[in-house]
Amino acid sequence: MLDESFEAPDDEPENAQPPRSADDITDIEDDDLADDAATYGIDWMGAAVRVASAGTVIFANNLNGGVTSTGATTARPVRQVRAGTIRREELDFITRVFVESPGYQQALRMLRAHLLVVDGAAHSGRRTLALHLLIEQEVEKVTALASDSDLTSLRSAQLQREAGYLFEATALDSLACCTTADIQTLADILVKSGAYLVITTSDGRSALPGSWQPYLFESAAPSGDRVVREYLTDRLGPRWAQDHQDLVDARITQIAADCRPADAASLAADLVGVARGLYDKSRVLGTLGKHGRDAVRDWFAKNPRVDDWAMMLAAAVFEGHDYSVVNERAEALSGRLSSTSVAPPHNDGADTSPSWAPVSRSSRLDAINAECESLPSIVSNRSLSYRIDAVRFSTLHWGTSVLDHFWLEYPELREPLFDWLAATPARRDLHKVAGVTAGRLAGAGSGFNTLRPIRSWGRLDRHRQEMAAIALGIAAEDPVTATQVRHLLNSWSSAQASRELRWTAARAYGGPFGEAFPELALMRLLRLANTPDSDVMTEAAMSILRLSRSVIELVDVVKQLNEPSLVEGSASATVGPLTAHLLGAEQQARGPALTAEVIALLRDPGGRGETITLLRSLAAEPGGYNAVHQLVTGWLDATADPNRCDEAELIRDMLVELFAGNRRAGIERLAYDVMRLAFEGGNVNVDVLQPAIDAFEDPLPMPGGTR
């Protein structure tokens, strides 16, 4: 990406003109870089794309400081649900690539009691094992319970028949306090309801009381080699071994056998990139296992200068961005590290000069084992051509290993690092990349006051608020940190919180956090949307739309909006604009008012019925009528395009149902106002408008006669 400190590359392409001023560089539109989204690994909030991994650990993060590896972009992102209904795509993926761990058949037999505790080491695949056990029970759906749920309070009325439940116990206190009678009551309730509950714990055998022993299964990690092979079969097809004979050689097999499932999954994802010719296999092996950790430790020991550390960390965070970006951020970090009271440790006798002395680009890159990759030229809206020289480490995932090592080995430098991330400029969304890194490090914890530095960002400018929203979503991927994030966002969502904090919470709920806790996020977003503050309401509506594209159904949102307490009286003044945002009226400036989500909603009979009920209720209220009129007008405008015949027919059928039957005052007024479009030269399809014309011209049935 580009920023105001862009430096002209050594070898400009023909006809390329380097920018000479800040105005030149800031004039480049965000759309200029849209085609390079995969290169930079930025999604809607700047979060790096997460990768669906193989084996029993489904989601391996390739958060290389805001840029994904080349191989990472080839896999379809699949997010874990930590609390709420587990999505079908996650269950389907587990079914395809699941590798049986030792004792799997015994666990299946134990689950006949409808209650099971799966205990094992961290990162051993407990969650995936638990989900696969529930899948084998042929349950209708699987729901993840919140980590702070009280199992002793579960009752038959709260459980759905033929359903599976997953409880990931991040702390054993809630289980240790259960008596034998409590556990037996829980098991009886599950049997009576026909439901299944699988609990996952870490080191539970020694910490849990003996009353849990009949239900305790001690799991072991599956073979890393089998994890790799199952993943490759899913990604490359069953003939991958014949088509890529040298892909998994003896060395890869040996490395995979010693890997825990998460590392094996990451290795498999990289091998997919090798098979597709994206990079050489030698780049994959550089940071695997103990060899990779030792290599990073040796680099820090052999390169004691503050400038070298700053350049290495800046490249780890902003890998994939232009050299000028990395160089400018490294200079800023060098100044912070030099001025801190706790300087980086140095070797005796080494040159520890903290000054950011002029050094050639090649020397700086050689010092951190990196190189520049020239990307295709970008043409700005001023017809100026710019080349991006993206900084890449010579070894895959080296940046991730560097950040992990720095965070664990130098805790005294964590606060300066966070201060430096917070000061990242907002040019070209660099601050969002920094937010991803902050969230990843905050989720690592390791004795650090995890959310303290991020907490203050929500009270600053809009860019820092965006960073906080991103960081909290990424940090919540850690199950322990997730509990802290949930409580923090809940306080930010309250009516007593400031406008800035409420906006930040609405933004966060629409990102990775909302995908991990979809039902909780939807509930709080609806609460945030019920506000007279247009900025908070708009952000809440946009977050709901984002979630509707991945983890929630739009029909479920409409059902909740149909609650009488929301659509009647003064509440309609906020629910009306929210409905217009959700169903497309506010998107005309950027594209068609009929989005794919809205089309799917209206094609579903249940969804169309809920939508019509909502529109009728809002149209009858003074505070909701304008939003309904705006929405229907937007739909009519979208269907005026002669190439959208299917959508035109869909809207016509919907209007027939909307204006049919008993028409209250709001619906009659809507028919009149919409009908006027045909007589005032509006850009509408008269065939689609016909139900409104018919509704206004037909007499309304009235007690004692007709009007």
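Source: prediction; values computed, not measured.

### Observations concerning the overall build of the chain
Step number 1: Looking only at helices and strands, the chain features 35 helices and 14 strands.
Step number 2: When contacts within the chain are restricted to residue pairs at least 6 apart in sequence, long-range pairs at least 24 apart make up 74% of them.
Step number 3: Carbon and sulfur atoms make up 47% of the accessible area of the chain, which totals about 29100 Å².

### Focus: unusual backbone geometry
Step number 1: Phi angles above zero are rare outside glycine, and His-114 is one such case at about 70 degrees.
Step number 2: In this structure, His-114 sits in the loop between α4 (104-110) and β4 (115-119).

### A closer look at the environment of Pro-416
Step number 1: Looking at the secondary structure, you find Pro-416 in helix α18 (residues 414-422).
Step number 2: The class of Pro-416 is buried, set by a relative accessible area of 11%.
Step number 3: On a C-alpha basis, the gap between Pro-416 and Arg-336 in space is 6.5 Å, while along the polypeptide they are 80 residues apart.

### Structural notes on the layout of surface pockets
A water-sized probe, rolled over the atoms, reveals where empty space remains.
Step number 1: By volume, the second largest pocket amounts to about 420 Å³.
Step number 2: Along the wall of the second largest pocket there are 17 residues; nearest its centre are Thr-85, Val-551, Ile-552, Glu-553 and Asp-556.
Step number 3: Those elements that place two or more of their residues in the lining of the second largest pocket are α3 (88-97), α25 (518-529) and α27 (554-561).
Step number 4: By residue number, the principal contributor to the lining of the second largest pocket is α25, which donates 4 residues.
Step number 5: Broken down by class, the residue content of the lining of the second largest pocket amounts to 5 nonpolar, 4 polar and 8 charged.

### With respect to empty space enclosed by the protein
Step number 1: Scanning all chains against the criterion turns up 2 cavities of 30 Å³ or more.
Step number 2: Taken as a whole, the largest cavity holds about 100 Å³ of empty space.
Step number 3: Together, Arg-82, Ala-144, Leu-145, Ser-147, Leu-166, Glu-168, Thr-170, Pro-479, Ala-482, Arg-486 and Phe-517 line the largest cavity.
Step number 4: Contributing elements (two or more residues each) for the lining of the largest cavity: β5 (141-145), β6 (163-168) and α22 (479-492).
Step number 5: For the lining of the largest cavity, the element with the most residues is α22, which contributes 3 residues.
Step number 6: A class-by-class count of the residues in the lining of the largest cavity yields 6 nonpolar, 2 polar and 3 charged.
Step number 7: Of the voids in this model, the second largest cavity is the one considered here, and its volume is about 40 Å³.

### Notes on the sheet that holds β6
Step number 1: Taken in spatial order, the 6 strands of this open sheet run β3-β5-β6-β7-β4-β8, and their pairing is mixed. Every other strand in the sheet has two partners, leaving β3 (84-85) and β8 (216-218) as the edge strands with one partner each.
Step number 2: Sheet topology note: the β6/strand β7 (residues 196-201) ladder contains 5 bridges and is parallel. Looking at β7, one finds that Glu-168 is bridged to Thr-200.

### Let's talk about the packing of aromatic side chains
Step number 1: Here the structure, examined in full by the defined rule, presents 12 aromatic pairs.
Step number 2: Taken together, a centroid distance of 5.0 Å and an interplanar angle of 55 degrees make the contact between Trp-309 and Tyr-410 tilted. With a gap of 101 residues between them, Trp-309 in helix α14 (residues 306-318) and Tyr-410 in the loop between α17 (398-409) and α18 connect regions that are remote in the sequence. In terms of burial, Trp-309 and Tyr-410 fall into one category: buried.
Step number 3: With a centroid separation of 5.8 Å and an interplanar angle of 45 degrees, the aromatic rings of Phe-406 and Tyr-410 are classed as tilted. The burial state of Phe-406 is the same as that of Tyr-410; both residues are buried.

### Considerations on the pairing of β6
Step number 1: With respect to burial, β6 is a largely interior element, 6 of its 6 residues being buried.
Step number 2: In β6, alternate side chains face the same way, and those of Ala-163, Tyr-165 and Phe-167 on one face and Gly-164, Leu-166 and Glu-168 on the other are all buried.
Step number 3: Pairing of β5 with β6 involves 5 bridges; the strand directions are parallel. Pairing of Leu-145 across the sheet is with Phe-167, part of β6.

### Thoughts on helix α33 (residues 645-659)
Step number 1: Here α33 is 15 residues long and its end C-alpha atoms lie 21 Å apart, about the 21 Å a rise of 1.5 Å per residue gives.
Step number 2: Turning to α33, its buried residues number three or more, namely Glu-647, Ala-648, Leu-650, Ile-651, Met-654, Leu-655, Leu-658 and Phe-659. Buried residues along α33 cover an arc of 160 degrees about the axis, so they all sit on one side. What points out from α33, more than 90 degrees from its buried face, is the exposed set Cys-645, Asp-646 and Glu-649.

### Let's talk about a negative patch on the surface
Step number 1: Together, Glu-519, Glu-553, Asp-556 and Asp-604 line one region of the surface with negative charge.
Step number 2: Position of Asp-556 among the secondary structure elements: in helix α27.

### Regarding the pattern of salt bridges
Step number 1: Taken as a whole, this structure holds 28 salt bridges when the rule is applied.
Step number 2: In this structure, the salt-bridge partner of Glu-89 is Arg-87, at a minimum N-O distance of 3.4 Å.
Step number 3: The exposure class of Glu-89 is partly exposed, given its relative accessible area of 25%.
Step number 4: Taking the shortest distance from any N to any O, the salt bridge between Asp-234 and Arg-96 comes out at 2.6 Å. Here Asp-234 is found in helix α9 (residues 224-236), whereas its partner Arg-96 is found in helix α3, with 138 residues between them in sequence.
Step number 5: Judged by relative accessible area, which is 23%, Asp-234 ranks as partly exposed.
Step number 6: A relative accessible area of 44% places Arg-96 in the partly exposed class.

### Description of the packing of helix α23 (residues 499-509) against helix α26 (residues 534-548)
Step number 1: At their nearest, the axes of α23 and α26 sit 8 Å apart, and the two run at 10 degrees to each other. As judged from the angle between their axes, α23 and α26 are roughly parallel. Judged by residue contacts, Arg-499, Arg-502, Trp-503, Ala-506, Arg-507 and Tyr-509 of α23 engage Asp-535, Val-536, Glu-539, Ala-540, Ser-543, Arg-546 and Leu-547 from α26.
Step number 2: Split into classes, the residues belonging to the contact of α23 with α26 amount to 6 nonpolar, 1 polar and 6 charged.

### Overview of the side chain of Thr-424
Step number 1: Structurally, the position occupied by Thr-424 is in the loop between α18 and α19 (430-444).
Step number 2: Accessibility expressed as a relative area gives 0% for Thr-424, which makes it buried.
Step number 3: Reaching out from Thr-424, the side chain makes a polar contact with the backbone oxygen of Leu-421 at a distance of 2.7 Å.
Step number 4: Apart from residues lying up to four places away in sequence, Thr-424 is in contact with Phe-318, Arg-329, Leu-430, His-431, Ala-434 and Arg-464.

### Regarding the packing of α9 against helix α12 (residues 261-275)
Step number 1: One can describe the packing of α9 onto α12 by two numbers: an axis separation of 8 Å at closest approach and a directional angle of 40 degrees. Taken as axis vectors, α9 and α12 run oblique relative to one another. When the axes of α9 and α12 are compared, the crossing they make is right-handed. Residues Gly-224, Val-227, Val-228, Tyr-231, Leu-232, Arg-235 and Leu-236 of α9 form the contact with α12, whose participating residues are Pro-261, Ala-264, Ala-265, Leu-267, Ala-268, Ala-269, Leu-271, Val-272 and Ala-275.
Step number 2: Residue composition of the contact of α9 with α12, grouped by class: 14 nonpolar, 1 polar and 1 charged.

### Some remarks on the pairing of β5
Strand residues, when the strand is regular, have side chains that alternate between the two faces of the sheet.
Step number 1: Within β5, 4 of the 5 residues are buried, which leaves it mostly tucked inside the rest of the structure.
Step number 2: Of the pairings in the sheet, the one linking β3 to β5 comprises 2 bridges and is antiparallel in character. The partner of Thr-85 across the bridge, within β5, is Thr-143.

Cut-offs and rules
Residues numbered from 1 in each chain as written. Predicted model: local features only at pLDDT ≥ 70, side-chain atom pairs only at ≥ 80, totals over all residues. Heavy atoms only, no water. Helix = DSSP H or I, 4+ residues; strand = E, 2+ residues; numbered from the N terminus. Contact = heavy atoms within 4.5 Å. Areas by Shrake-Rupley, 256 points an atom, 1.4 Å probe, with all protein chains shown as cover. Buried < 20%, exposed > 50% of the residue type's maximum accessible area, 1.4 Å probe, protein only. 1 Å grid on protein atoms, 1.4 Å probe; cavity = no way out; pocket = protein on both sides within 12 Å on 5 of 7 lines; lining within 4 Å. Points joined across faces, edges and corners; volume = space filled by probe spheres on them. Nonpolar A, V, L, I, M, F, W, Y, C, P; charged D, E, K, R; others polar. Pairing = 2+ DSSP bridges. Phe/Tyr/Trp six-rings, centres within 6.5 Å; stacked < 30°, edge-to-face > 60°. Expected span 1.5 Å × (residues − 1). Arc of directions from axis to C-beta. Patch = residues over 30% accessible without salt bridge, like charges linked within 9 Å, V, L, I, M, F, W, Y side chains within 5 Å. Salt bridge = Lys/Arg side-chain N within 4 Å of Asp/Glu carboxyl O. Lys, Arg positive; Asp, Glu negative; His and termini not counted. Charge placed at Lys NZ, Arg CZ, Asp CG, Glu CD. Axes fitted to C-alpha atoms, helices over the stretch in contact; angles between N-to-C directions. Parallel < 35°, antiparallel > 145°, perpendicular 65-115°, else oblique. Polar contact = N/O pair within 3.5 Å; in protein donor to acceptor, adjacent residues only side chain to side chain. Left-handed = near helix turned anticlockwise from the far one by under 90°.

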